[in-house]
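Remarks on the overall topology
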Amino acid sequence: MFENIRADLAAHKGDWGAQGFWAMVIYRFGRWRYTLRNRWLRMPFSLLYKIAFKWVQIMAGIELPCEVNVGRRFRIDHFGGIVVSGFASFGDDCVIRNGVTVGLRRTDEPAAPKIGNHVDIGAGAKVLGPITIGDHVTIGANAVVIDDVPDHAIAVGIPARIILRNPDDATKSVPPAAR
């Protein structure tokens, strides 16, 4: 848990006051409590997690349940209006911004996106349904993505249209430390 929190702090440029970092600390704590096998020992931590989760949800507008699989160095760049389904998963070095929804397309189909590594999701984007987002993908602001997106692509528009880009150009935009 603490190693992941240090990596999350580095992803938030060392800003302890970043609401995205607060959400990540609560998320990592929520995941950690599941490592406690004794139910009676875990119960007070679960209560603490639920209170802290609700506090972050109200104060920062970020809903990131601990059931989501999140990779290392996950960054919430701007807070507010962020909703992530518990069925979703993210790879390493992903960035999301304000107004992003990653979730179900229909409530009767509990399947959410699987997002790869080095994915940058723009403000207001909606990524919905049982889809796969590849590695090194950029999703534009306000895009509505309801189909798979291959590696090294850009998704823009409503519904999102896929623009393939040169993989060499995509890796140049990723900082060397994140590769």
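Residues numbered from 1 in each chain as written. Predicted model: local features only at pLDDT ≥ 70, side-chain atom pairs only at ≥ 80, totals over all residues. Heavy atoms only, no water.

1. What to know about the overall build of the chain
Quick note on the threshold: Secondary structure follows DSSP: runs of H or I at least 4 residues long count as helices, runs of E at least 2 residues long count as strands, and numbering of each begins at the N terminus. Radius of gyration here uses only the C-alpha atoms, and the compact-globule reference equals 2.2 Å multiplied by the residue count raised to the power 0.38. Throughout this description, buried means an accessible area under 20% of the type-specific maximum (1.4 Å probe, protein chains only), exposed means over 50%, and partly exposed covers the range between. Pairs of residues are marked as contacts when any of their non-hydrogen atoms sit within 4.5 Å.
Of the regular secondary structure elements, the chain holds 4 helices and 14 strands. On C-alpha atoms alone, the chain measures out to a radius of gyration of 16 Å, which is about the 16 Å that the 2.2 N^0.38 rule sets for 179 residues. Taking the principal axes of its C-alpha atoms as reference, the chain extends roughly 50 × 40 × 30 Å. Looking at the chain residue by residue over its 179 residues, the buried ones come to 45%. The long-range share in the chain, meaning contacts at least 24 apart out of those at least 6 apart in sequence, stands at 31%.

2. Some points on the sheet that holds strand β12 (residues 144-145)
The strands making up a sheet associate through hydrogen bonds between their backbones, and the pairing can be parallel or antiparallel. Note the threshold: Two strands make a pair as long as DSSP finds a minimum of two bridges between them.
The strand order across the open sheet formed by 5 strands is β1-β3-β6-β9-β12, and the pairing between neighbours is parallel. Strand pairing shows two members of the sheet lacking a second neighbour, β1 (62-63) and β12, which therefore form its edges. With 2 bridges joining them, strand β9 (residues 126-128) and β12 adopt parallel strand pairing. What sits directly across from K126, in β12, is V144.

3. What to know about the environment of S89
Position of S89 among the secondary structure elements: in strand β4 (residues 89-90). Residue S89 is classed as buried on the basis of its relative accessible area of 16%. If we ignore the near neighbours within four places in the chain, the residues touching S89 are N69, P113, K114 and I115.

4. Some thoughts on the packing of helix α1 (residues 2-11) against helix α2 (residues 19-33)
To be explicit about the condition: Axes here mean lines fitted to C-alpha atoms, for a helix over just the part in contact, with angles spanning 0 to 180 degrees between N-to-C directions. Roughly parallel covers angles under 35 degrees, roughly antiparallel covers those over 145, roughly perpendicular covers 65 to 115, and oblique covers all other angles. Crossing handedness follows the turn of the near helix against the far one: under a right angle anticlockwise gives a left-handed crossing, and clockwise gives a right-handed one. Any residue outside Ala, Val, Leu, Ile, Met, Phe, Trp, Tyr, Cys, Pro, Asp, Glu, Lys and Arg is labelled polar, Gly included; the first ten of those are nonpolar and the last four are charged.
At a minimum axis separation of 10 Å, α1 and α2 run at an interaxial angle of 165°. With respect to α2, the axis of α1 lies roughly antiparallel. Here α1 and α2 pass one another in a crossing that is right-handed. Of α2, the residues touching α1 (which contributes N4, I5, D8 and L9) are F21, M24, V25 and R28. Partitioning the contact of α1 with α2 into residue classes produces 5 nonpolar, 1 polar and 2 charged.

5. Notes on the pattern of salt bridges
Stated formally: We define a salt bridge as a side-chain nitrogen of Lys or Arg found within 4 Å of a carboxyl oxygen belonging to Asp or Glu.
Summed over the entire model, instances satisfying the criterion amount to 8 salt bridges. The salt bridge involving D120 is made with R97; its shortest N-O contact spans 2.3 Å. Of this pair, D120 sits in strand β8 (residues 120-121) while R97 sits in the loop between β5 (95-96) and β6 (101-103); the two residues are 23 residues apart in sequence, bridging distant segments of the chain. On the accessibility criterion, D120 (26% relative accessible area) is partly exposed. When its relative accessible area of 17% is taken as the criterion, R97 is described as buried. With a closest N to O distance of 3.1 Å, E109 and R106 form a salt bridge. Assessed through its relative accessible area of 23%, E109 is described here as partly exposed. Here R106 falls in the partly exposed class, since its relative accessible area comes to 45%. Taken together, the salt bridges that share partners define one network made up of R75, D77, R97 and D120.

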